[in-house]
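Given next are the chains, with one letter for each unit.
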Amino acid sequence: MDNSLNSQENIIEINNLNFSINIFDDDENIKNEIILKDINLSVKKGEFLCLIGRNGSGKSTLAKILNGINLPTSGTVKVMSISTTDEKKIIDIRKNLGIVFQNPDNQIVSSIVEEEIAFGLENIQVETSEMRKRVDYVLKYMGLYKYKKQSPNKLSGGQKQKLALASVVAMLPQIIVLDEPTAMLDPKARKEFIDLIIKLNREKNITIILITHFMEEVIFADRVVLLDKGEIKKIATPKEIFTDSILEKYGMTFPFPIRVKNKLNQFGYNINNNVITTDDLIYAL
Amino acid sequence: MIRDITIGQYYNVESKLHSLDPRMKLNAVLVFIISVFFIKSYVGYFIASLFLLFCIKLSNVPIRYIVRGLKSIVFLLFLSVFLNLFFTEGRVLFSYSFFVITYEGLDVAVKMMLRLIILILFSSLLTLTTTPMELTDGIDYNLSFFKIFKIPVSDIALMMSIALRFIPILIEEVDKIMKAQISRGVRFDDKNLIKKVKAYIPILVPIFVSAFRRSNDLAIAMESRCYIDSDNRTKLNPLAYKKSDYLAYSFLFVYLITIILVCRL
């Protein structure tokens, strides 16, 4: 998988990114706090990238830096060869890089489902007829068509988050950044949501950057980036990262099948290191 | 369910009045209110009431339901009747010690009462037949000429619609915080008024904090979706006048002509 990606262009390029903010400490003095330090990362078109790390490791800040909400203190961030500091072209970046945030309630603007999906399109001045086509298509694709005239308040948490994703997808972005989108969902809704993301990645070749705490979601990624205290500690494939002890060192846990595998190996079984998913494990056993 | 609370007093039925364009309804209310202030004779009030009754009939809203809306202004109604009845000078109709009722006073009082009732009923008809969303949309279109004076009409309309969306969410949150505070021993059923007011402070503070956090999140989410200003935006469902709206306009016009003629006589 990695080799085939190498031949493609880099859709995101981050060079020597530093980001810090000034905060007041307990004595009312201004203190410079470093959030991100020396980040170098490039993402290829169509890639599925996972960002993991503890709370406060700078994952969400990185997401907001990618679409120019936060500007780098030093270093450059280029999305589709456009720098995020280029104010005139920031809309081009935001058109092509959509973000889904953690709390669906706080990112839904409209009181009607279809109007919500249209919100972004209205902002980039899509024609009414074209907008109608796209809204209906996206609603059907996401399985929300029957709710189109309803209020988002009547949807379940999972459906609300799907709506937030749908309204990003409607803008036909090249990249979708998801900032802990499943944190507030129940396990079933979480699985449905992740399946939808994988579908978007495979069918529409949309580059996915998924920020998550759930290691089970990391399995589907092409590459995993481990952040800690604002620094990249490791970039690897899920297989590599799950056979490394670095995860536990930075406060993460392995997904369930890996934990079972490790325990079994401790007890003298010899299970292949390639085991990642539950199916792999069952097959190996 | 707390989230089912409807904002405003929209009455959800299908009718000719419900399906009219919100701009048309807003304009009609404006024209009607102005016309009522010009009416001087009882014939005029009769015509205005006929027009009102006709609109109520078209709206499919039960007349009882509409009249219930007058409850809130009963006090105002009595006050104006009382003041006009006893404090207007003129030919004496009836007097008992220092109570003096004059012909002119009676005339003014009755007219004032009619005027108030007609105005309230007609304008409540607007909110009964138009959803808050349609209403903001209509206001956005109708007041767009204020943009010449650099008044951000579209922004205000968007603010109104966002506020409407967040009301049920905040109500739910108040409910949650209230329960959390009750479980820690705050009493909301205290008879003492001061204690009762004080009990609400631990609700207001967290709700404000959370509302600010929510609005910050929402602002970032809106910006991420290319929102810059609300002037240069296209619409998914642009308002468009239909045949029935033109019909309604012509009907309004006929009413206005009649009123003007009656006032002249």
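Residues numbered from 1 in each chain as written. Chains lettered and ligands numbered in written order. Predicted model: local features only at pLDDT ≥ 70, side-chain atom pairs only at ≥ 80, totals over all residues. Heavy atoms only, no water.

S.K.: Just checking my understanding: could you explain the overall build of chain B for this structure?
M.R.: A tally of helices and strands in chain B yields ten helices and two strands. Mapped in sequence order, the helices and strands of chain B form the string α-α-α-α-β-β-α-α-α-α-α-α. The principal-axis extent of the C-alpha atoms belonging to chain B is close to 65 × 55 × 40 Å. Looking at the 265 residues of chain B, the share that counts as buried comes to 35%. Within chain B, contacts between residues at least 6 apart in sequence are counted, and of these 74% link residues at least 24 apart. Entry remark: accessible area of chain B is about 16,500 Å², with carbon and sulfur atoms responsible for 70%. Seen as two clouds, the 31 positive and the 20 negative side-chain charges of chain B have centres 5 Å apart. (Helix = DSSP H or I, 4+ residues; strand = E, 2+ residues; numbered from the N terminus. Buried < 20%, exposed > 50% of the residue type's maximum accessible area, 1.4 Å probe, protein only. Contact = heavy atoms within 4.5 Å. Areas by Shrake-Rupley, 256 points an atom, 1.4 Å probe, with all protein chains shown as cover. Lys, Arg positive; Asp, Glu negative; His and termini not counted. Charge placed at Lys NZ, Arg CZ, Asp CG, Glu CD.)

S.K.: Hey, could you run me through the packing of aromatic side chains in this one?
M.R.: Any aromatic ring pair is given by two values, namely how distant the centres are and how the planes are angled relative to each other. Applying the stated criterion across every chain, the model contains 16 aromatic pairs over all chains. Plain terms: the ring middles of F119(A) and Y227(B) are 5.9 Å apart, the flat faces sit at 15° to each other, and that makes the pair stacked. Separated into two different chains, F119(A) in helix α4 (residues 113-123) and Y227(B) in the loop between α9 (201-224) and α10 (243-264) make up a pair that spans both. For F119(A), a relative accessible area of 2% gives the class buried. On the basis of relative accessible area, Y227(B) is assigned to the buried category, the value being 14%. On the numbers, 5.7 Å between centres and 25° between planes, the contact of F32(B) with F51(B) is stacked. With F32(B) in helix α1 (residues 22-38) and F51(B) in helix α2 (residues 42-59), this residue pair connects regions lying 19 residues apart in the sequence. For F51(B), a relative accessible area of 8% corresponds to the buried category. By way of ring pairs, the aromatic residues F32(B), F51(B), F54(B), F122(B), F251(B) and Y255(B) are connected into one cluster. Sitting over the ring of F214(A), R190(A) keeps its end group 3.8 Å from the ring centre. (Phe/Tyr/Trp six-rings, centres within 6.5 Å; stacked < 30°, edge-to-face > 60°. Lys NZ or Arg CZ within 6 Å of the ring centre and 35° of its normal.)

S.K.: Would you mind showing me how to read the side chain of R94(A) here?
M.R.: When you line up the elements, R94(A) lands in helix α3 (residues 90-96). A distance of 3.0 Å separates the side chain of R94(A) from the backbone oxygen of N67(A), its partner in a polar contact. (Polar contact = N/O pair within 3.5 Å; in protein donor to acceptor, adjacent residues only side chain to side chain.)

S.K.: In this structure, what is going on with the interface of chain B and chain A? I would like to understand it.
M.R.: Each partner contributes to the interface: chain B provides 29 residues, whereas chain A provides 37 residues. Inspection of the region where chain B meets chain A yields four salt bridges. A salt bridge links E116(A) to R225(B), with the nearest nitrogen and oxygen atoms 2.8 Å apart. The interface formed by chain B and chain A contains 20 residue pairs in polar contact (both at pLDDT 80 or more). Residue assignment for the side of chain B that touches chain A shows that the elements contributing at least two residues are α7 (153-183) and α9 of chain B. The element best represented in the side of chain B that touches chain A is α9(B), accounting for eight residues. Tallied by class, the residues present in the side of chain B that touches chain A amount to 15 nonpolar, five polar and nine charged. (Salt bridge = Lys/Arg side-chain N within 4 Å of Asp/Glu carboxyl O. Nonpolar A, V, L, I, M, F, W, Y, C, P; charged D, E, K, R; others polar.)

S.K.: What's the story with the side chain of T182(A) in this structure? I'm lost.
M.R.: Residues and elements named next belong to chain A. Mapped onto the elements, T182 comes out in the loop between β7 (175-179) and α7 (187-203). On the basis of relative accessible area, T182 is assigned to the buried category, the value being 1%. What T182 contacts, discounting residues up to four positions off in sequence, is R190, F193, I194, F214 and E217.

S.K.: Mind showing me how you'd approach the pattern of salt bridges here?
M.R.: For side chains bearing opposite charge, pairing can occur when the charged atoms are close. Evaluated as defined, the whole model comprises 26 salt bridges over all chains. Between E231(A) and K37(A) there is a salt bridge, with its nearest N and O atoms 3.7 Å apart. Separated by 194 residues along the polypeptide, E231(A) in strand β10 (residues 231-236) and K37(A) in strand β2 (residues 30-44) bring together distant segments of the chain. Judged by its relative accessible area of 28%, E231(A) is partly exposed. In this structure K37(A) comes out as partly exposed when scored by relative accessible area, which is 34%. R165(B) is the salt-bridge partner of D105(A), the closest N and O atoms lying 3.9 Å from each other.

S.K.: Looking at this structure, I do not really get helix α6 (residues 157-169) of chain A. What am I missing?
M.R.: Given 3.6 residues to a turn, an α-helix orients residues that are three or four positions apart in the same direction. All names here are of chain A. Its 13 residues give α6 an end-to-end C-alpha distance of 18 Å, which sits within 8% of 18 Å, the value for a rise of 1.5 Å per residue. A large share of α6 lies buried, amounting to twelve of its 13 residues. Every buried residue of α6 is listed here: G158, Q159, K160, Q161, K162, L163, A164, L165, A166, S167, V168 and V169. Those residues of α6 hidden inside the fold are in contact with β6 (97-100), α4, α5 (128-141), β7 and α7. (Expected span 1.5 Å × (residues − 1).)

S.K.: It is not clear to me how the sheet that holds strand β1 (residues 10-24) of chain A should be interpreted in this structure. Could you clarify?
M.R.: Sheet strands pair by backbone hydrogen bonding; their relative direction is either parallel or antiparallel. Residues and elements named next belong to chain A. As summarised here, the arrangement of the four strands in space is β2-β1-β4-β5, forming an open sheet in which the pairing is antiparallel. Sheet topology places β2 and β5 (82-83) at the edges, where each strand pairs with a single neighbour. Relative to strand β4 (residues 74-79), β1 is paired through five bridges, and the arrangement is antiparallel. Bridged to N15 within β4 is T76. On top of the sheet, helix α2 (residues 59-66) reaches β1, β2 and β4; it is set at about 120° to β1, its chief contact. (Pairing = 2+ DSSP bridges. Axes fitted to C-alpha atoms, helices over the stretch in contact; angles between N-to-C directions.)

S.K.: It is not clear to me how the pairing of β1(A) should be interpreted in this structure. Could you clarify?
M.R.: Every regular strand shows the same layout, with side chains that alternate between the two sheet faces. In terms of strand pairing, β1(A) meets β2(A) through eleven bridges, oriented antiparallel. Opposite I21(A), over in β2(A), you have E33(A) as the bridge partner.

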